[in-house]
Amino acid sequence: MRAQVLSLAMLCGAAGEAQAQAAARPSGPVQQKIAPGLARYTDEVLFGAVWPSPDLSPRDRSLVVISVLIATNKPAQLTGHLGRALTNGVTPVEASGVLTHLAFYAGWPNAVSALEVYDQVYSARTVDFASLQAQGQAPPAVAGRFRGSAEASLETVAPKFARLSRDVVLGDLWRRSDLTLRDRNLVTIAALAAMGEADQLEPYLRGGLDAGLTRAEITEALTHLAFYAGWPRATAALTVVDQVLGKPAEAKP
Amino acid sequence: MRAQVLSLAMLCGAAGEAQAQAAARPSGPVQQKIAPGLARYTDEVLFGAVWPSPDLSPRDRSLVVISVLIATNKPAQLTGHLGRALTNGVTPVEASGVLTHLAFYAGWPNAVSALEVYDQVYSARTVDFASLQAQGQAPPAVAGRFRGSAEASLETVAPKFARLSRDVVLGDLWRRSDLTLRDRNLVTIAALAAMGEADQLEPYLRGGLDAGLTRAEITEALTHLAFYAGWPRATAALTVVDQVLGKPAEAKP
Amino acid sequence: MRAQVLSLAMLCGAAGEAQAQAAARPSGPVQQKIAPGLARYTDEVLFGAVWPSPDLSPRDRSLVVISVLIATNKPAQLTGHLGRALTNGVTPVEASGVLTHLAFYAGWPNAVSALEVYDQVYSARTVDFASLQAQGQAPPAVAGRFRGSAEASLETVAPKFARLSRDVVLGDLWRRSDLTLRDRNLVTIAALAAMGEADQLEPYLRGGLDAGLTRAEITEALTHLAFYAGWPRATAALTVVDQVLGKPAEAKP
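Quick caveat, the model's predicted, so the values are computed rather than measured.

Calculation rules
Residues numbered from 1 in each chain as written. Chains lettered and ligands numbered in written order. Predicted model: local features only at pLDDT ≥ 70, side-chain atom pairs only at ≥ 80, totals over all residues. Heavy atoms only, no water. Helix = DSSP H or I, 4+ residues; strand = E, 2+ residues; numbered from the N terminus. Expected span 1.5 Å × (residues − 1). Buried < 20%, exposed > 50% of the residue type's maximum accessible area, 1.4 Å probe, protein only. Least-squares fit on C-alpha atoms with pLDDT ≥ 70 in both. Contact = heavy atoms within 4.5 Å. Phe/Tyr/Trp six-rings, centres within 6.5 Å; stacked < 30°, edge-to-face > 60°. Lys NZ or Arg CZ within 6 Å of the ring centre and 35° of its normal. Buried area = accessible area lost by both parts, 1.4 Å probe. Salt bridge = Lys/Arg side-chain N within 4 Å of Asp/Glu carboxyl O. Polar contact = N/O pair within 3.5 Å; in protein donor to acceptor, adjacent residues only side chain to side chain. Axes fitted to C-alpha atoms, helices over the stretch in contact; angles between N-to-C directions. Parallel < 35°, antiparallel > 145°, perpendicular 65-115°, else oblique. Left-handed = near helix turned anticlockwise from the far one by under 90°. Nonpolar A, V, L, I, M, F, W, Y, C, P; charged D, E, K, R; others polar. Core = buried A, V, L, I, M, F, W, Y, C linked by side-chain atoms within 4.5 Å. Bend = angle between axes of the 7 residues up to and from the residue.

**Focus on helix α5 (residues 58-71) of chain B**
Residues and elements named next belong to chain B.
Here's step 1: Along its 14 residues, α5 runs 20 Å from first to last C-alpha, staying within 8% of the 20 Å computed at 1.5 Å per residue.
Here's step 2: Most of α5 sits inside the fold, with 13 of its 14 residues counted as buried.
Here's step 3: Count one or two residues on from α5 and you reach Asn73, which has phi positive near 60°.

And the structure:
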């Protein structure tokens, strides 16, 4: 067992074990009592190696995690992770922007389920609610992206849906200033991957790169997401990344 | 901001703004405080333009929404929407029929999760529980549809599953009188779309048309569903509608 | 109605009706009051014919059901079914092994949601928590299976994800002694099917057969799963079984 623990920590290429011993174990006593194997993975892999990795900022990791939790309707886990997100540098304006964004991408009920959690976490942290009301300058429209999109191809069969997609989603939601275009693509990628809609990732992968996300950030975000949405969702999403974005630039001759 | 609000209401082609100002805002104070952008979409788009649109009856919209909420396990949101459905003309017999139907299509646990909500809403509205016990004349069997279905193709590999599909699902559930064939197809379409099973929509799209659903009702139902199950689910389902049903008849030369 | 009831019980090829009359009805009074049609299917089909069928052991049925409930985040229903699983012969070590396994396959939040239920059920049954801490001899590695897997094909685009898949998931999780390889494949098949990830079933279908699952057990498990994850998920999974494993051996000339 000892050898196995060391090996696992080493495999994760991390200060996993030391970190797990130094701090209180993130897994908590119930997990350690009921499922010690899970607790070991929680402490050594997820919090020992994945979260601390410099391959993606803690802020971006949090953005991915709260997107997954909202998109998959996990209000119970959102309480802790929304607090962590604010600690990691996601601003309340951004966190609320994620909620608004995901109402469209994951449906109103998921956003509404998260509202009460937001209220509790914001209140506990004495977030300035008035600051959430401001809505600054809108970024340039991305409506041009509508052409050639899946939604645009539905203009004949479902003209109202196409119009809402063009005018409300792309023409209004995507122009809001509460999230940068980079972050909005990252949040959308995380939500689609978590929902099992990898087939629809392509425009957001391309849009994300255009808006400043790097290929490495996208793959690390989806690797992180594997722990929160399950291995199969990450596998499906990364397979699309592979198809759409091809091999990493540095691997090319 | 002002210009943007007007523009959004105009884009939705609705008395959205007037309606939002006249009535109490549907979004509610928590949503307005935490995510004012979301509240604006709720008031001006979802309740200002989508729900009031004459392209689908409020009753059918409610049928779609309760189907989505049951199929995606959202008992918290079901409380309000089941009450709204009864107000919009869905009868208790029909609402209970949706529950029975979706036990098969979305699994027993989702139906069981909804049971307590049904009990509360029915009790608060003093629904006559005895009336739910009657089971009238069965409609003609749709078992003929079994031939050529995905389930029929599994007869060799999974004979019991094929037999249950033919005898219990198609031969018994689909013959129940608590839902019309039209509504049963609509409910199934909504559940499959919400679950991300667009690939299996075809027989219910065709069956729905045969049973009196119109192409326009189907596309409007899926447009409405976008707000409750998320844009990607509606996009996937409408793409299948496009493939299966082709272009709207009026668009043909 | 009487004829229909008899017919339904007969269709299920079961002592369904007798069983339903002899015992208290499994459906319970609320289901009978709100959705009598559902209650009839619960009593006569699900508990009258499916659960009692000798085509799969009660223990394996329970293993499938708790996997589905964890993978689809249904802690409310897990309470009863985890108790039933222990009664049916799933050991606490195995049940905890399912939880650890599904943290990877369905995501940490689903496992964490289930933890509290586990704690309650184990405590009520005075499970020996100390026995859960032991971790015996590891079974042979299945890391060889990594070659040719979907995860392996991601080595270039997402090297860290591929490494975690190889070293932590296949090299450590799959070598744990808390679940046999047979059961681990069965649990994974159930989780993937319930999550709508039928496309990723192939290696676990083949691995399950290699580890002692029979073709008949797999199809019966997925038939049972239809009632807990919905007909469309079972249809999609059985379609893959058909493609991957071909026709049952006894159907071949």
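And the narrative resumes.
**Looking at the relation of the copies chain A and chain C**
Note that the two copies of the chain are related through a rotation about an axis and a translation along the same axis.
Here's step 1: When chain A is fitted to chain C, the residual RMSD is 0.0 Å, and the transformation amounts to a turn of 120° plus an axial shift of 0.0 Å. Those values place the two copies in the arrangement expected of a three-fold rotation axis. For chain A, the smallest separation between a C-alpha atom and the rotation axis is recorded for A:Gly196, amounting to 4.6 Å.

**What to know about the relation of the copies chain C and chain B**
Here's step 1: When chain C is fitted onto chain B, the two copies agree to an RMSD of 0.0 Å after a turn of 120° and an axial shift of 0.0 Å.
Here's step 2: Take the interface residues of chain C: only 2% of them recur as interface residues in chain B, which is what a contact between different surfaces looks like.

**Some points on the side chain of B:Thr235**
Here's step 1: Along the chain, B:Thr235 falls in helix α13 (residues 231-245).
Here's step 2: What B:Thr235 contacts, discounting residues up to four positions off in sequence, is A:Ala150, A:Glu151, A:Leu154, A:Phe161 and A:Gln200.

**What to know about the packing of aromatic side chains**
Here's step 1: Throughout the structure, instances matching the rule amount to 42 aromatic pairs over all chains.
Here's step 2: Arranged with centres 5.5 Å apart and planes meeting at 65°, the rings of B:Tyr118 and B:Tyr122 form a pair that is edge-to-face. Taken together, the positions of B:Tyr118 and B:Tyr122, both in helix α8 (residues 108-124) and four residues apart, correspond to about one turn of that helix.
Here's step 3: Residue B:Tyr122 is classed as buried on the basis of its relative accessible area, which comes to 0%.
Here's step 4: Taking the centre distance of 6.2 Å and the plane angle of 50° together, the rings of C:Tyr122 and C:Phe129 count as tilted.
Here's step 5: Site record: aromatic cluster; members linked through ring pairs are A:Tyr41, A:Phe227, A:Trp231, C:Phe104, C:Trp108 and C:Phe161.
Here's step 6: A:Arg84 extends its terminal NZ or CZ atom over the ring of A:Trp51, reaching a point 5.2 Å from the ring centre.
Here's step 7: Residue placement shows B:Lys33 over the ring face of A:Phe129; its charged tip is 4.5 Å from the ring centre.

**A closer look at the environment of B:Gly148**
Residues and elements named next belong to chain B.
Here's step 1: Looking at the secondary structure, you find Gly148 in the loop between α8 and α9 (159-170).
Here's step 2: On the basis of relative accessible area, Gly148 is assigned to the exposed category, the value being 79%.
Here's step 3: On a C-alpha basis, the gap between Gly148 and Pro203 in space is 9.7 Å, while along the polypeptide they are 55 residues apart.

**Thoughts on the interface of chain C and chain B**
Here's step 1: Chain C puts 49 residues into the contact, and the matching count from chain B is 45 residues.
Here's step 2: The junction of chain C with chain B conceals about 4,000 Å² of combined surface from both sides, 64% of it contributed by carbon and sulfur atoms.
Here's step 3: When the buried surface of chain C facing chain B is broken down by residue, C:Ile34, C:Tyr41 and C:Trp231 rank first, second and third, together holding 20% of it.
Here's step 4: In this assembly, chain C and chain B are joined by five salt bridges.
Here's step 5: Viewed at the interface, chain B and chain C are joined by 21 residue pairs in polar contact (both at pLDDT 80 or more).

**Considerations on the packing of α5(B) against helix α10 (residues 181-195) of chain B**
All names here are of chain B.
Here's step 1: As a packed pair, α5 and α10 sit with axes 8 Å apart at the nearest point and diverge in direction by 45°. Our classification of the angle between α5 and α10 gives oblique. Judged by the twist between their axes, the crossing of α5 over α10 is right-handed. Across the interface between the two elements, Arg59, Asp60, Leu63, Val64, Ser67, Val68 and Ala71 of α5 pack against Arg182, Asp183, Leu186, Val187, Ala190, Ala191, Ala194 and Met195 of α10.
Here's step 2: Residues of the contact of α5 with α10, tallied by class, amount to 10 nonpolar, one polar and four charged.

**Let's talk about the nonpolar core**
Here's step 1: Of all hydrophobic cores here, the largest spans 255 residues; its most connected members are A:Tyr118, B:Tyr118 and C:Tyr118.
Here's step 2: Ignoring anything within four residues of it in the chain, the contact list for A:Tyr118 reads A:Ile66, A:Ile70, A:Leu78, A:Leu82, A:Ala95, A:Ser96, A:Val98, A:Leu99 and B:Ile34.

**Observations concerning helix α6 (residues 75-87) of chain B**
Here's step 1: Between its first and last C-alpha atoms α6(B) spans 18 Å; for 13 residues at 1.5 Å apiece the expected length is 18 Å, and the two agree.
Here's step 2: B:His81 marks the point of greatest bend in α6(B), at about 25°.
Here's step 3: Elements that come into contact with the buried residues of α6(B) comprise α8 (108-124) of chain A together with α5, α7 (92-106), α8 and α12 (215-229) of chain B.
Here's step 4: Downstream of α6(B) by one or two residues, B:Gly89 has phi in the positive range, about 110°.

**Looking at the interface of chain A and chain C**
Here's step 1: Every contact between the two is made by 49 residues of chain A and, on the other side, 45 residues of chain C.
Here's step 2: Taken over both partners, the interface formed by chain A and chain C buries close to 4,000 Å², and the fraction arising from carbon and sulfur atoms is 64%.
Here's step 3: Among the residues of chain A in contact with chain C, A:Ile34, A:Tyr41 and A:Trp231 are the three that bury the most area, contributing 19% of the side total.
Here's step 4: Our count for the contact surface shared by chain A and chain C stands at five salt bridges.
Here's step 5: A salt bridge links C:Glu197 to A:Arg233, with the nearest nitrogen and oxygen atoms 2.6 Å apart.
Here's step 6: At the boundary of chain A with chain C, the tally comes to 21 residue pairs in polar contact (both at pLDDT 80 or more).

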